[in-house]
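Next come the chains, spelled out residue by residue.
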Amino acid sequence: MRLHWLSHTSSTCALSSVGSSFTMRLSYHIQVPLQTMVPTILSVSSPKKVTKPPGRFSTRSGTPTSWILVLTLFGIFSMIKVVRVWHPDDLRNDNSFTILPTTRLGTYRSVIEEVVKPFGTSRLGSNLTLSSKLFWRESDGVNFHPCIEFSSTYTTMSPSLTSTKSKYLIVVVNGGLNQQRNQIVDSVIIARILGAALVVPILQVNQIWEDKSEFSDIFDVAHFKRTLKDDVRIVTNLPSTLIMSKPIEIRDTPFDSNPEWFRSHYASKFHKGSVLLLRSLDSRLAKDLPGDLQRLRCKVAFHALRFSAPIQALGERLAERIAKHGPYVALHLRLERDVWVRTGCSSGLGPSFEEEIEKERIQKPQFLTTRNNMTSTERRKAGQCPLNAEEVGRLLRALGATDRTIIFWAGGEPFGGAEALKPLVNKFPLLYNKNDIALPGELKEFETRKSMLAAIDYLVCLKSDLFIPSHGGNMGRAVKGSRIYAGWGKNITPNKRLMLRVLDNTTISKEEADQSIADLHTDPTHQFEESTGKKVVDVLSNPIPDCMCQVKSTKE
């Protein structure tokens, strides 16, 4: 049984009792003895009984001192009121509880009796202030719906292309989950271009994540094949007659190659054999393709690539568990060690942390993916670095988030541990990740599979009311595109370059800086494309207009 006590004394404390052990679970995945966090409750042992002759003021029931002690204890306990205080386990259960700030980073936060309920619109409730409504509200005049319609030429060619049994394409995809996902999408497009049957893609073990998951562990293979049966023939394995054949392997596909390049360079290679093997397809296929191929990209990404049943079920369950407490923001935080190593950026955690990262860059220079002729300061000013926890906190405050806003953060273990998250936790106590809202044992089968854990994060972010990535990586773009396509909530892609210029300006007040940051992110079209001055052609992050049509108004 779990009891929570709330005292009306000046030093309010909460106790959690499970059997005879007292523990309080921190958000940062650790168990801390409760006695190290709250004052120790002293037990008073009864003194040895001493027989004294009756005095003038004594009675059979004891001395006046005993009565005073009894009355004092009665008075103290009469002041204690038992109330239901929110505990992280409440969010794990499927019962309705009110969310209150929880213990963070080993510092106990007292809880007031007057419950503060999360806010929102639609599922979010109607008793909102104007600023709260503006925080959650989507842009006006944005009415699009999915419309994937292929041309007659495309549909006419499909029967012959989907029945081919003479050419097979094997693709090995690398990187993290969403990098692999992009390559899987492109492998389907390339198979269509070459008129070849596609063998279910092979996932290469990631050198950073060390994840050995196979395609069927992460994605629903049957659904993948069934959804694309009219576009590309997909097989689980090569036919028995070709299993022993050595495929023609190609590794040097140039970046941003168009369909004509693939046809002219690869179609002829099938004459020398029936199996073609491609590796490292990341960004090899051009982003800007003819309309039918762009629409096929959307069909693969938004329809065919459904997660496997265990991932899908748990991801949706966690999203529902947090959503029933009110609207929530999903943050994709890029604070992991490998992110700081690869980007060449400063974590902002101090000299000792920076020295540690720099040593790893020297030991593993192949991980550094950014231009080496820029300093970390120059990269940050150019908007090429992930926002750290302090910067994300400033952005949320400027946009109108409060200490009552429920926030789900997705991502791996932050470099610097709890210290890296402290600036966010201090501003937003209702900050949780999948480990906080999962029931004991729910994540056990995924613990060693980082790609599968990333897929669970993906689903919880997908169902949020507002999604904000701290860095423009593959997951941020993929989640944003999927949310736009499905019509789920609001997206804000931080304009890091201009925002950091405001934060670094010491000549303006904090209020002026917050207003400027808010103004940068209130453009009605902002959730669909970032203001970079370049044409957005990545249909997976912005499916408008290639895969979505604008809904005409009644007047029109």
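Presented here is a report on the structure given in the accompanying data block. Note that the structure is a prediction, hence the values are computed from the model and not measured.

## Some details on the pattern of salt bridges
Part 1 of the argument: The tally for this structure, following the rule as stated, stands at 22 salt bridges.
Part 2 of the argument: The salt bridge partner of glutamate 249 is arginine 279, with a shortest N-O separation of 2.5 Å. Within this pair, whereas glutamate 249 is found in strand β11 (residues 248-250), its partner arginine 279 is found in strand β12 (residues 275-279), the two being separated by 30 residues in sequence.
Part 3 of the argument: What makes glutamate 249 partly exposed here is its relative accessible area of 38%.
Part 4 of the argument: Here arginine 361 and glutamate 358 are joined by a salt bridge, their closest N and O atoms 3.0 Å apart. Residue arginine 361 and its partner glutamate 358 are located together in helix α12 (residues 351-363), separated by three residues, close to a single helical turn.

## Some thoughts on the packing of helix α5 (residues 177-194) against helix α8 (residues 259-266)
Part 1 of the argument: One can describe the packing of α5 onto α8 by two numbers: an axis separation of 9 Å at closest approach and a directional angle of 60°. The angle between α5 and α8 places the two elements in the oblique class. Judged by the sense of rotation from one axis to the other, the crossing of α5 with α8 is right-handed. Contact residues: Ile190, Ile193 and Leu194 in α5; Pro259, Phe262, Arg263 and Tyr266 in α8.

## Describing unusual backbone geometry
A negative phi angle characterises most non-glycine residues, just as the trans form characterises most peptide bonds.
Part 1 of the argument: Cis rather than trans, the peptide bond between isoleucine 544 and proline 545 has omega equal to 5°.
Part 2 of the argument: Here proline 545 is to be found in the loop between α20 (510-520) and β18 (548-550).
Part 3 of the argument: A positive phi is found at aspartate 256, a non-glycine position, where the angle reads about 55°.
Part 4 of the argument: Position of aspartate 256 relative to the elements: it lies in the loop between β11 and α8.

## Thoughts on the packing of aromatic side chains
Part 1 of the argument: Inspection of every chain in the model, using the stated rule, returns 10 aromatic pairs.
Part 2 of the argument: Ring centres 5.2 Å apart and planes at 55° place the aromatic pair phenylalanine 215 and phenylalanine 224 in the tilted group. Accessibility assignment for this pair places phenylalanine 215 and phenylalanine 224 in one class, buried.
Part 3 of the argument: When the ring of phenylalanine 262 is compared with that of tyrosine 266, the centres are 5.6 Å apart and the planes differ by 70°; the resulting orientation is edge-to-face. Residue phenylalanine 262 and its partner tyrosine 266 are located together in helix α8, separated by four residues, close to a single helical turn. Of the two residues examined, phenylalanine 262 and tyrosine 266, each falls in the buried class.
Part 4 of the argument: Taking NZ or CZ as reference, lysine 167 lies 5.5 Å from the ring centre of phenylalanine 270, over its face.

## Side note on the side chain of arginine 284
Part 1 of the argument: The residue arginine 284 is located in the loop between β12 and α9 (291-304) in this model.
Part 2 of the argument: Comment: no salt bridge for buried arginine 284; closest opposite-charge side chain is aspartate 282, at 6.0 Å.
Part 3 of the argument: Here the side chain of arginine 284 touches serine 280 through a polar contact of 3.4 Å, landing on its backbone oxygen.
Part 4 of the argument: Non-local contacts of arginine 284, meaning those with residues more than four positions away in its chain, are made with Thr253, Pro254, Phe255, Asp256, Ser257 and Phe262.

## Details of the sheet that holds strand β13 (residues 328-332)
Part 1 of the argument: Strand order in this open sheet of five strands is β15-β14-β13-β16-β17, and the pairing throughout is parallel. Lying at the two open borders of the sheet, with one neighbouring strand each, are β15 (431-432) and β17 (490-491).
Part 2 of the argument: By the bridge criterion, four bridges tie β13 to strand β16 (residues 466-469) in an arrangement that is parallel. Within the sheet, the bridge partner assigned to histidine 332 lies in β16 and is proline 469.
Part 3 of the argument: Most of the contacts of helix α18 (residues 474-486) go to β16, to which it runs at about 155°, and overall it touches β13, β14 (406-410), β16 and β17.

## Points about the pairing of β14
Part 1 of the argument: By the criterion of burial, β14 is predominantly enclosed, with five of the five residues buried.
Part 2 of the argument: Bridging between β13 and β14 involves five bridges; their strand directions are parallel. Note on β14: the bridge partner recorded for leucine 331 is tryptophan 409.
Part 3 of the argument: The pairing of β14 with β15 spans two bridges and is classified as parallel. Bridge assignment links isoleucine 407 to a residue of β15, and that residue is leucine 431.
Part 4 of the argument: Crossover β14 to β15 through helix α15 (residues 418-427) is right-handed.

Rules used throughout
Residues numbered from 1 in each chain as written. Predicted model: local features only at pLDDT ≥ 70, side-chain atom pairs only at ≥ 80, totals over all residues. Heavy atoms only, no water. Salt bridge = Lys/Arg side-chain N within 4 Å of Asp/Glu carboxyl O. Helix = DSSP H or I, 4+ residues; strand = E, 2+ residues; numbered from the N terminus. Buried < 20%, exposed > 50% of the residue type's maximum accessible area, 1.4 Å probe, protein only. Axes fitted to C-alpha atoms, helices over the stretch in contact; angles between N-to-C directions. Parallel < 35°, antiparallel > 145°, perpendicular 65-115°, else oblique. Left-handed = near helix turned anticlockwise from the far one by under 90°. Contact = heavy atoms within 4.5 Å. Phe/Tyr/Trp six-rings, centres within 6.5 Å; stacked < 30°, edge-to-face > 60°. Lys NZ or Arg CZ within 6 Å of the ring centre and 35° of its normal. Lys, Arg positive; Asp, Glu negative; His and termini not counted. Polar contact = N/O pair within 3.5 Å; in protein donor to acceptor, adjacent residues only side chain to side chain. Pairing = 2+ DSSP bridges. Right-handed = clockwise from strand over helix to strand, strands pointing away.

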